[in-house]
Amino acid sequence: HIRHEKRDLLDKFTDTLVLVSSKLSSTITIDTYSSHSEALVSGKKFGTECGYPGKTVPVYIPPVNTDKHTKGATLGQYLQGTATFAKDDQGKRVDVYTFKYILPELSKKK
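Owing to the predicted nature of the structure, the values given are computational and were not obtained by experimental measurement.

Analysis parameters
- Residues numbered from 1 in each chain as written.
- Predicted model: local features only at pLDDT ≥ 70, side-chain atom pairs only at ≥ 80, totals over all residues.
- Heavy atoms only, no water.
- Phe/Tyr/Trp six-rings, centres within 6.5 Å; stacked < 30°, edge-to-face > 60°.
- Lys NZ or Arg CZ within 6 Å of the ring centre and 35° of its normal.
- Salt bridge = Lys/Arg side-chain N within 4 Å of Asp/Glu carboxyl O.
- Helix = DSSP H or I, 4+ residues; strand = E, 2+ residues; numbered from the N terminus.
- Buried < 20%, exposed > 50% of the residue type's maximum accessible area, 1.4 Å probe, protein only.
- Patch = residues over 30% accessible without salt bridge, like charges linked within 9 Å, V, L, I, M, F, W, Y side chains within 5 Å.
- Areas by Shrake-Rupley, 256 points an atom, 1.4 Å probe, with all protein chains shown as cover.

**With respect to the packing of aromatic side chains**
And then number 1: Tallying each qualifying case throughout the model produces one aromatic pair.
And then number 2: Across from the ring centre of Y78, 4.6 Å away, lies the NZ or CZ of K100, which sits over that ring.

**Overview of the pattern of salt bridges**
And then number 1: By the definition in use, this model includes two salt bridges.
And then number 2: Note that D31 and K45 form a salt bridge whose closest N and O atoms lie 3.5 Å from each other. Note that D31 is positioned in the loop between helix 1 (7-11) and helix 2 (36-40) and K45 in the loop between helix 2 and helix 3 (67-70), a separation of 14 residues in sequence.
And then number 3: Its relative accessible area of 34% is what places D31 among the partly exposed residues.

**Digging into unusual backbone geometry**
And then number 1: The phi angle at S42 is positive, at roughly 50°, despite the residue not being glycine.
And then number 2: As for its position among the elements, S42 is in the loop between helix 2 and helix 3.

**Focus: a nonpolar patch on the surface**
And then number 1: A contiguous nonpolar patch, built from V57, V59, F85 and Y97 and spanning about 310 Å² of accessible area, is present on the exposed surface.
And then number 2: Inspection of the secondary structure puts V57 in the loop between helix 2 and helix 3.

Read these as geometric descriptors, not functional statements.
The following block contains the structure:
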């Protein structure tokens, strides 16, 4: 809430968008899948994929199943972090990408 003694100044903030950022208390680990159908049924997880520069490899992410992080979420909210992929078998070389997970609108419980 914003407070001020001059009401006309407060009225200017009525349609103002605010971006609020906070850190989660613990890391979220998300399983990845090589196909949309496998992600939907939590089937066979993504394995090893050999690539070459410029090759596009789709990675499918299922919905986050934890109410802890999505409780009270409203349309337009998202989780942001990094996705890390190993570039070699030992995982000593990695690629790190910024990752945004847009939270789906929660269905109303009946």
